[in-house]
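Each chain, written out:
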Amino acid sequence: MTEAILLVGGKGTRLRPLTVHTPKPMVPAAGVPFLTHQLARARAAGVEHIVLATSYLAEVFEPHFGDGSALGLHIEYVTETEPLGTGGAIRNVASRLRSGPDEPVLIFNGDILTGLDIRALVGAHETSGADVSLHLTRVADPRAYGLVPTDPTGRVTAFLEKPQTPEEIVTDQINAGAYVFRRSVIDMIPAGRPVSVERETFPDLLSSGAHLQGMVDSTYWLDLGTPQAFVRGSADLVLGRAPSPAVPGRHGEHLVLPGASVAADAKLTGGTVIGADALIGEGVRIAGSTVLAGAVVEPGAVITDSLIGAGARIGARSVLSGAVIGDAAAVGADNELREGVRVWCDARLPQGAVRFSSDQ
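Each value, and the rule that gives it
- Residues numbered from 1 in each chain as written.
- Predicted model: local features only at pLDDT ≥ 70, side-chain atom pairs only at ≥ 80, totals over all residues.
- Heavy atoms only, no water.
- UniProt positions renumbered as here; feature names shortened; annotations may be inferred.
- Helix = DSSP H or I, 4+ residues; strand = E, 2+ residues; numbered from the N terminus.
- Polar contact = N/O pair within 3.5 Å; in protein donor to acceptor, adjacent residues only side chain to side chain.
- Contact = heavy atoms within 4.5 Å.
- Core = buried A, V, L, I, M, F, W, Y, C linked by side-chain atoms within 4.5 Å.
- Buried < 20%, exposed > 50% of the residue type's maximum accessible area, 1.4 Å probe, protein only.
- Pairing = 2+ DSSP bridges.
- Axes fitted to C-alpha atoms, helices over the stretch in contact; angles between N-to-C directions.
- Parallel < 35°, antiparallel > 145°, perpendicular 65-115°, else oblique.
- Nonpolar A, V, L, I, M, F, W, Y, C, P; charged D, E, K, R; others polar.

The name given to the protein chain in an unreviewed UniProt entry is GDP-mannose pyrophosphorylase, with the source organism recorded as Streptomyces alfalfae. Recorded in UniProt under Sequence similarities (unreviewed entry), the annotation for the protein chain is "Belongs to the transferase hexapeptide repeat family."

This is the structure:
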């Protein structure tokens, strides 16, 4: 297995305002665009050729990664003129693949942070002789996911939509978003129309008698679809809980990128990332958060489990917890922003405008 397809066309609507100006895979996690971690892990597993299936803000990818040579890869880009879904996107890039009909092609989604043993997945695919192999992971509460039960040999027996009752929860195994396809199977996906690989391709293959194999790997897995999950994933990369050869520094409580200025008495913990040229003032405390390039955090501010957009400003003594601040937004001094709040790009929040407690 030497080539892969990476699906990076989603709009990232659940991550807005982070994705107003930046496609989801390019939002920085642990100091580099999240896509960098996926590319680096694929290269470490032996992948040499990757085709990026792009759509939303497609023009951002190639200027950053070029031909991929800096990562030891050959990268090609295919842009959808209209959204085609996961299966449609895979079929849309098939002409760029070089593999023979029976050779394996790795496919993975651009919003999953995982410790998957890619070589083991490919090995299981080849050993079983499967047409498609799926990475499965186990979750404590599978109600929000599609279930993928398997027989004792790991062969997939069904694809079940999100269960509504306890009786419908027949397994804790879910589709984890990474696959190995026999090259010829990709050509069977209908061309030129939207196709969901999860809802159409896999069930149709199963009903036709194709061999779909599941491999359970529950080391580390996180869907970065929400701001809270994205911040957590970035922190886990910095702390070393999630594996990646692309983290630009040592594992530890914080990662401070070149050009950033951090006051001597500021406290950075919990996998916090301070982006290039950011400015962190005196007495600031930041835990488990990401502060993107050029942002300013004024003295005395306290930030927990939050993401501060590029060029944003957080006023003195403001307290943020579970907040997302868009690029170039300004939060005045003495504000208190709690879980779930999203301040849009370029917005201006006056001093003391939002509080969850008394101003005394």
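Back to the write-up after that little detour.
(A) Representation of the UniProt feature "domain: Nucleotidyl transferase" (unreviewed entry) in the protein chain within the structure. When the UniProt feature table is mapped to this numbering, "domain: Nucleotidyl transferase" (unreviewed entry) covers residues 4–236. Helix makes up 26% of residues 4–236 and strand 23%, with an end-to-end C-alpha separation of 25 Å.

(B) Geometry of the side chain of E76. With respect to the helices and strands, the residue E76 is situated in strand 5 (residues 74–79). Among the polar contacts made by the side chain of E76, one reaches the side chain of H49 at a distance of 2.7 Å. Other than its neighbours up to four places away in sequence, E76 contacts H49, I50, V51, L52, R96 and R98.

(C) Broad picture of the nonpolar core. If you look at the biggest cluster of nonpolar residues, it comprises 29 residues, and the most contacted ones within it are I5, I107, L134, F181, I186, F202 and L212. Counting only elements with at least two residues in this core, the list comes to strand 1 (3–7), strand 4 (49–54), helix 3 (85–92), strand 6 (104–109), strand 8 (132–138), strand 9 (173–182), helix 5 (183–186) and helix 6 (197–207). Counting residues in hydrophobic clusters, the runner-up holds 25 residues, among them A45, I118, V180 and M215.

(D) Quick peek at the pairing of strand 9. Of all 10 residues that make up strand 9, nine are buried, and the element is covered over most of its length. The sheet contact formed by strand 6 and strand 9 spans five bridges and is antiparallel. Each bridged residue has a counterpart across the sheet, and for I107 the counterpart in strand 9 is Y179.

(E) Broad picture of the packing of helix 3 against helix 6. One can describe the packing of helix 3 onto helix 6 by two numbers: an axis separation of 7 Å at closest approach and a directional angle of 70°. With respect to their mutual orientation, helix 3 and helix 6 come out roughly perpendicular. Facing T86, G87 and I90 of helix 3, the residues of helix 6 in contact are V197, E198 and T201. Split by residue class, the contact of helix 3 with helix 6 holds two nonpolar, three polar and one charged.

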